[in-house]
Every structure is written in C-alpha cells, then in structure tokens.
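# Structural description and commentary
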Amino acid sequence: MEKRRSLYDSEELEQNASISRIFEKEREKYIAEVGRQLETPKSIKVEIAGENLNIDYRVISIEGVENKDVDPVLALPGFGSGWEGISELCFSLAGEGRKVITFSLPGYGNSDTPSDKYNEESNFSNEAEVVNQLIKKLKENGEIGENKIHLVGHSMAGVILSEFASRYPDQVSSLTLLDSAGISDKENITLMAAKFFASGIHTVAEYKIRLALSGEKDYEKKIYKYIPKAKSPFGVGRVKQRLSEASKLSSGRVLENLKNINDVPIIYMSGELDLVFPPGEKGDENSQLAKIISAVNNKANIETSALFGLRHNPTISADEITAANIEHYLEEAEKKNAE
C-alpha cells in the first residue's frame, strides 16, 4: 500500500513544520469566493420510495483555477454529517482545479427528514438513488456538464457511492473510498461507536498540538462563517435513521458492490493511523486492504494509498494533503479512461 505525504512529495513540505502554510499562500484569497457559494441556499427535489424530499446541496468552483477540461467531483461525508462536515475538503479539491458537488443526504443537515419507510431497505439503495437523481437534475439545469463524475465517499459514504457505482457505472469516472466503512462483516456497533469517539479525540488533540508547535493558523476555518446553521443529525425524527444506518455499516456491502464494478477505476485511500476501519496490510487476507483488492475483478483498476500520519477523518485534518493525493489519482483515472 503506497504511503503518500503529498502530491509531489515536495521538498518544501518535507522541510516545513506547517502543512497548511504551503497552501495558504495561494488559497486563502479564494475563501470569500467559495464562501459565497456555500452560504447561498440551494435545494433539489427528489422522489425516493414514493416520497418527495428536498435535498440541500452546493456546487463550488474557483474562477481562474477550475480546469473545465476535467471531470467534476462529487464528495459525500460520512455518518453523522451533512455537506458542512466535508466543506474543507471540498474547498481544497476546488483548489486543485475541480468543480465540486456536495450535498446532505435525507435526514442530514438542511435536507428533509424522510419517513420511516425510507429506512426499511437493508442496503443503501435509497441513498444511491438520491445521488442518481441529484446528478441527473444538476445536468438538466446546467450546473454541471454531461461528463462522468468522480465519486469521493468518506466512511459511510464509501458504501453509498459504491452502491451507486455498481448500479450506474456508465456515469462514474472513478470511485474513491476514503477510510471506507462497509468492508468488514458483522462489526460490533457499540465497539464501532467507541472507535469513532476515540478517533475524534485523537484527531482534535493532534491537530491542536500541530498548531501549537508550528505556530500556524488554520486559514480554512475562516470558511465556516459562511456555512449556514444545519439541523442536528440526531434531532427529532432522525435518531431512528441513524440506528438503521449503523446496522447497515456492518454488512460488508462494499465488497459485494465492487465485484459488480468492472470498468471503473477504484481508489482505496485510508489514513495510515485509522483506528475505526484500519487498512491493515496487503499480506493479511483478513485486512480491509486485502479484501478490497480481492473484490476488484480488474486488478489494473485498483489503486491503494495510506495517508501518512492521518487517522479516520482526513477530510478535516490536513485536508489539503488529502485533496492533493485524491487529485493525483483522479488524473491517473482519467488517463485510464482515455485509453
């Protein structure tokens, strides 16, 4: 499993204690532009299981930076978060030159809360259909072109987007599973929750230590003043949905989905120190890494990468580095797709 520190493994990064200052020189000036795109409410109506639901979404890009000749990215956050929780990674991906789509699933953020019927499926097929209808309507209203889409799913979203890719492979330019859930069967839900909690504590502590030692300021935090207040994912009418999702996460669904995807480049990317869903080693057949590789039929289509020193949530911690690494593999995927 390749360990990557940055896109080009630059000497500047190796010699500089501050990660974000390297990017701050070029990107802080774009915060207001992206912030205006994030603060402007946008919603699209979808019909899922006979129910009309308003989906809160954003499409962001940076004028003069966006490469209009490459495919856009759809980035989806994991369990417990609407699009607000992945906004820093979306900003960094836009800084890499991508147009970025992100949204809150039903029952998250300011998207509508679905009825109990929505949660009756034993898989994430309803969520995959939300993705399908959202992409279709964004193409219809001209916010994105007719290109295929790069999918980037963090944690639970890896399961959802693998479900989408298995159903609609012709729409997908690549699938990035970022610290993905849904690989191991029969996860203990209580233990999984404890690992989520512990990982969060580690990430916050390490982040604060990094700021203290380097003297840097996280310039991207300025973007939060533009983000609208979102409804709690654990608010009234939403807890039952969270419990349903937690049970689905231990189904090993990702592996089944990957077996049904033949011609889509797959990127499995994990924080080197992820304690929630540890990648493990290729030589250990029971590791997540080995299971992912085994499930992909066309081995030429699978790339794997461990993010140096990062844990379960690289969408927030060192998100610039995460975005740079993702961009590297998206470019490689586009080369494969052009062959």
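Throughout, residues of each chain are indexed from 1 in the direction in which the sequence is written. Only residues with pLDDT of 70 or above have their local features reported here, since the model is predicted, and side-chain atom pairs are shown and tallied only from 80 upward, although totals for entire chains, interfaces and linings are computed over all residues. Only hydrogens and water are set aside when side-chain values are computed; all heavy atoms of the structure are taken into account.

## With respect to the overall build of the protein
The helix and strand inventory of the protein stands at 11 helices and nine strands. Only protein chains enter the accessibility calculation, which uses a 1.4 Å probe. A residue is then buried if its area is under 20% of the maximum for its type, exposed if over 50%, and partly exposed in between. When the 339 residues of the protein are sorted by exposure, 57% land in the buried category. Residues count as neighbours in contact if any of their non-hydrogen atoms are within 4.5 Å of one another. Taking the intrachain contacts of the protein between residues at least 6 apart in sequence as the baseline, contacts between residues at least 24 apart amount to 80%. Where helices and strands are cited, they refer to DSSP runs of H or I of at least four residues and of E of at least two residues respectively, numbered from the N terminus.

## Considering the pairing of strand 4 (residues 73-76)
A two-sided burial pattern is seen for strand 4, the buried positions comprising Val-73 and Ala-75 on one face and Leu-74 and Leu-76 on the other. Sheet topology places strand 4 next to strand 5 (residues 100-103); two bridges connect them, and they run parallel. Considered in strand 5, the bridge of Leu-74 is made with Ile-101. Relative to strand 6 (residues 149-154), strand 4 runs parallel, the two sharing four bridges. Bridge assignment links Ala-75 to a residue of strand 6, and that residue is Val-152. Here the rule is simple: two strands pair whenever DSSP picks up at least two bridges between them.

## Re helix 11 (residues 319-338)
In this model, helix 11 (20 residues) spans 28 Å end to end at C-alpha, consistent with the 28 Å of a helix rising 1.5 Å per residue. Across the 20 residues that make up helix 11, a large majority, 14, are buried. One less than the number of residues in a helix, times 1.5 Å, gives the span that helix is expected to have.

## Observations regarding the nonpolar core
Nine residue types can take part in a nonpolar core, namely buried Ala, Val, Leu, Ile, Met, Phe, Trp, Tyr and Cys, and a core is a set of them joined through side-chain atoms within 4.5 Å. Grouped together as the largest cluster of nonpolar side chains are 52 residues, with contacts concentrated most on Leu-74, Phe-103, Leu-151, Leu-175, Leu-258, Ile-266 and Ile-292. In terms of residue count, helix 6 (residues 156-167) provides more of this core than any other element does, seven residues in total. Among all residues touching Ile-292, those that are not within four sequence positions of it are Leu-177, Ile-183, Val-254, Leu-255, Leu-258, Tyr-268 and Ile-302. Ile-86, Tyr-226, Ile-267 and Leu-307 belong to the second largest nonpolar core, which has 32 residues in total.

## Examining unusual backbone geometry
Phi angles above zero are rare outside glycine, and Ala-49 is one such case at about 55°. Relative to the elements of secondary structure, Ala-49 occurs in the loop between strand 2 (43-48) and strand 3 (51-60). Look at Asp-179: it is not a glycine, yet its phi comes out positive at around 50°. For Asp-179, the location among the structural elements is in the loop between strand 7 (172-178) and helix 7 (189-214).

## Remarks on the packing of helix 5 (residues 125-140) against helix 6
Running from N to C, helix 5 and helix 6 cross one another at 65°; their axes reach a closest spacing of 8 Å. The angle between the axes of helix 5 and helix 6 places the two elements in the roughly perpendicular class. Judged by the twist between their axes, the crossing of helix 5 over helix 6 is right-handed. For the pair helix 5 and helix 6, the contacting residues are Ser-125, Glu-127, Ala-128, Val-131, Asn-132 and Ile-135 in the first and Ile-160, Leu-161, Glu-163, Phe-164 and Arg-167 in the second. Each residue is assigned to one class: nonpolar for Ala, Val, Leu, Ile, Met, Phe, Trp, Tyr, Cys and Pro, charged for Asp, Glu, Lys and Arg, and polar for all the others, Gly among them. Here the residues of the contact of helix 5 with helix 6 are counted per class, giving six nonpolar, two polar and three charged. All axes here are fitted lines through C-alpha atoms, helices being fitted over the stretch that makes contact, and every angle between N-to-C directions spans 0 to 180 degrees. For this classification, under 35 degrees means roughly parallel, over 145 means roughly antiparallel, 65 to 115 means roughly perpendicular, and everything else is oblique. Helix crossings get a hand from a simple test, with the near helix turned counterclockwise from the far one by less than a right angle marking a left-handed crossing and a clockwise turn marking a right-handed one.

## Points about the packing of aromatic side chains
Put simply, two rings from Phe, Tyr or Trp (the six-membered ring, in Trp's case) pair if the centres are within 6.5 Å, and we call them stacked under 30 degrees between planes, edge-to-face over 60, tilted for the rest. Taken as a whole and assessed by the stated rule, the structure comprises two aromatic pairs. Geometrically, the ring pair formed by Phe-164 and Tyr-168 is tilted, given 5.1 Å between the ring centres and 35° between the ring planes. Distance and angle both matter: a charge sits over a ring if NZ of Lys or CZ of Arg is within 6 Å of the ring centre and within 35 degrees of the ring normal. We note Arg-242 situated over the ring of Tyr-108; from NZ or CZ to the ring centre the distance is 3.8 Å. Taking NZ or CZ as reference, Lys-248 lies 5.3 Å from the ring centre of Phe-124, over its face.

## Some points on the pattern of salt bridges
Salt bridges are defined by distance alone: a side-chain nitrogen of Lys or Arg within 4 Å of a carboxyl oxygen of Asp or Glu. Inspection of the entire model under this criterion finds 14 salt bridges. For Lys-222, the salt bridge goes to Glu-28, with nearest N and O atoms at 2.0 Å. Of this pair, Lys-222 sits in the loop between helix 7 and helix 8 (239-248) while Glu-28 sits in the loop between helix 2 (20-27) and helix 3 (31-39), and the two are 194 residues apart along the sequence. Look at Lys-222 and you get partly exposed, because its relative accessible area is 46%.

## Considerations on the environment of Asn-54
In this fold, Asn-54 is placed in strand 3. The spacing of Asn-54 and Ser-104 is 50 residues in sequence and 9.9 Å in space, taken between C-alpha atoms. Ignoring anything within four residues of it in the chain, the contact list for Asn-54 reads Ile-44, Lys-45, Ser-111 and Asp-112.

## Things to note about the packing of helix 4 (residues 87-95) against helix 11
Packing of helix 4 against helix 11 brings their axes to within 8 Å, and their N-to-C directions diverge by 50°. As the angle between them shows, helix 4 and helix 11 are arranged oblique. Classified by chirality, the crossing of helix 11 by helix 4 is right-handed. Touching Glu-88, Leu-89, Ser-92 and Leu-93 of helix 4 are Asp-319, Glu-320, Thr-322, Ala-323 and Ile-326, all from helix 11. Looking at the contact of helix 4 with helix 11, its residues break down into four nonpolar, two polar and three charged.

## Examining the pairing of strand 3
Summarising burial for strand 3: eight of the 10 residues are buried, a large majority. As defined by bridge partners, strand 2 adjoins strand 3 across six bridges and the pair is classed as antiparallel. The residue bridging Ile-44 from the neighbouring strand is Ile-55, located in strand 3. Turn length for the strand 2-strand 3 hairpin, with the two strands adjacent in sequence and antiparallel, is two residues, and the turn residue Ala-49 shows positive phi of about 55°. Bridge count for strand 3 against strand 5 is four bridges, and the pairing is antiparallel. Considered in strand 5, the bridge of Val-59 is made with Ile-101.

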